[in-house]
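Structure assessment
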Amino acid sequence: MSNIVLASGSPRRRELLERIGVTDFVVRVPEVEETFPQGLSPQEVVSYISREKAEAAVQLCGPEDIVITADTMVFLDRQRLGKPRDEAHALEMLTALQGRRHTVCTGVSVCQGARRLTETESTDVFFRAATEEELRRYIATGEPMDKAGAYGVQGRGALLVERLEGDFFNVMGLPLLRLSRMLEQFGVSLL
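First things first, this report covers the structure right here in the doc. (Residues numbered from 1 in each chain as written. Predicted model: local features only at pLDDT ≥ 70, side-chain atom pairs only at ≥ 80, totals over all residues. Heavy atoms only, no water.)

Per the secondary structure count, the protein includes six helices and seven strands. Expected size for 191 residues packed as a compact globule is a radius of gyration near 16 Å; at 17 Å, the protein falls within 12% of this value. Taken over the C-alpha atoms alone, the protein extends approximately 55 × 35 × 25 Å along its principal axes. Buried residues in the protein amount to 47% of all 191 residues. The contacts of the protein with a sequence gap of at least 6 include a subset with a gap of at least 24, amounting to 67%. Counting only carbon and sulfur atoms, one obtains 46% of the accessible surface of the protein, whose full area is about 9,600 Å². One finds the centroid of the 23 positive side-chain charges in the protein at a distance of 2 Å from the centroid of its 28 negative side-chain charges. (Helix = DSSP H or I, 4+ residues; strand = E, 2+ residues; numbered from the N terminus. Rg over C-alpha atoms; globule rule 2.2 N^0.38 Å. Buried < 20%, exposed > 50% of the residue type's maximum accessible area, 1.4 Å probe, protein only. Contact = heavy atoms within 4.5 Å. Areas by Shrake-Rupley, 256 points an atom, 1.4 Å probe, with all protein chains shown as cover. Lys, Arg positive; Asp, Glu negative; His and termini not counted. Charge placed at Lys NZ, Arg CZ, Asp CG, Glu CD.)

Printed below as a string of structure tokens:
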């Protein structure tokens, strides 16, 4: 019997797996330095890091385990926006995003033994124009401080989002439809 291993410390990814009925899984978080070669496209960056996480994670697992890793990043005009360092940095990021389109990319890897599969998902997110006071009030909630791009679409950050083009769950950190199709290739059907 194969165990499903989520190789991520993200509480959002755990929640998303549970939402689609994957409740019998273990979490093992590999230590990976999230660096990547220069000159990669956003999709190549998240794929590269997801594969690096997968390589580290399979060392912590048995040969029959099905390992899931993911890496999500926010890009504005191909510039990566990570997690804010402090409130001033969060304001800087949110100000840059407001009234504009940005892209959230996730690389997902599914592995079992020597078999590896990595795919990417991209979602365009359109922020509404917001006032500095609105952004400051949002930052004061604390929600943006541990999230790439300084917002959480599943929380109060939704009030800044005008619309999405693509997979909503990708913006939360795990493209569920893509993951389910990848898992099917490993004999795991979620429906």
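A word on the packing of aromatic side chains. Under the definition given, this model contains two aromatic pairs. Between the aromatic rings of Phe127 and Tyr151, the centroid separation amounts to 4.8 Å while the plane-to-plane angle is 70°, which identifies the pairing as edge-to-face. One end of the pair, Phe127, is in strand E6 (residues 115–127); the other, Tyr151, is in the loop between helix H4 (132–140) and strand E7 (161–165), and 24 residues separate them in sequence. Measuring from ring centre to ring centre gives 5.4 Å for Phe168 and Phe169, while their planes differ by 80°; the resulting arrangement is edge-to-face. We note Arg115 situated over the ring of Phe186; from NZ or CZ to the ring centre the distance is 4.2 Å. The ring of Phe126 carries the charged tip of Arg163 above its face, separated from the ring centre by 3.8 Å. (Phe/Tyr/Trp six-rings, centres within 6.5 Å; stacked < 30°, edge-to-face > 60°. Lys NZ or Arg CZ within 6 Å of the ring centre and 35° of its normal.)

Once that is clear, we can look at the nonpolar core. Within the largest apolar cluster, 41 residues are counted, with the highest numbers of intra-cluster contacts made by Leu17, Ile68, Leu94, Val110, Phe127, Tyr151 and Leu179. Here Leu17 is in contact with Leu6, Val22, Phe25, Ile68, Leu174 and Leu179, once residues within four sequence places are set aside. (Core = buried A, V, L, I, M, F, W, Y, C linked by side-chain atoms within 4.5 Å.)

Applying the stated rule across the entire model yields 14 salt bridges. Between Glu34 and Lys53 there is a salt bridge; the shortest N-O distance is 3.5 Å. One end of the pair, Glu34, is in the loop between strand E2 (25–27) and helix H2 (42–58); the other, Lys53, is in helix H2, with 19 residues separating them in the sequence. Among the ionic pairs, Arg101 bridges to Asp124, the shortest N-O distance being 3.5 Å. (Salt bridge = Lys/Arg side-chain N within 4 Å of Asp/Glu carboxyl O.)

The subject of this paragraph is the environment of Gly155. Residue placement: Gly155 occurs in the loop between H4 and E7. Relative accessible area serves as the criterion here: at 29%, Gly155 is assigned to the partly exposed category. For the pair formed by Gly155 and Glu143, sequence separation is twelve residues and the distance between their alpha carbons is 7.8 Å.

Purely geometric numbers; function is a separate question.
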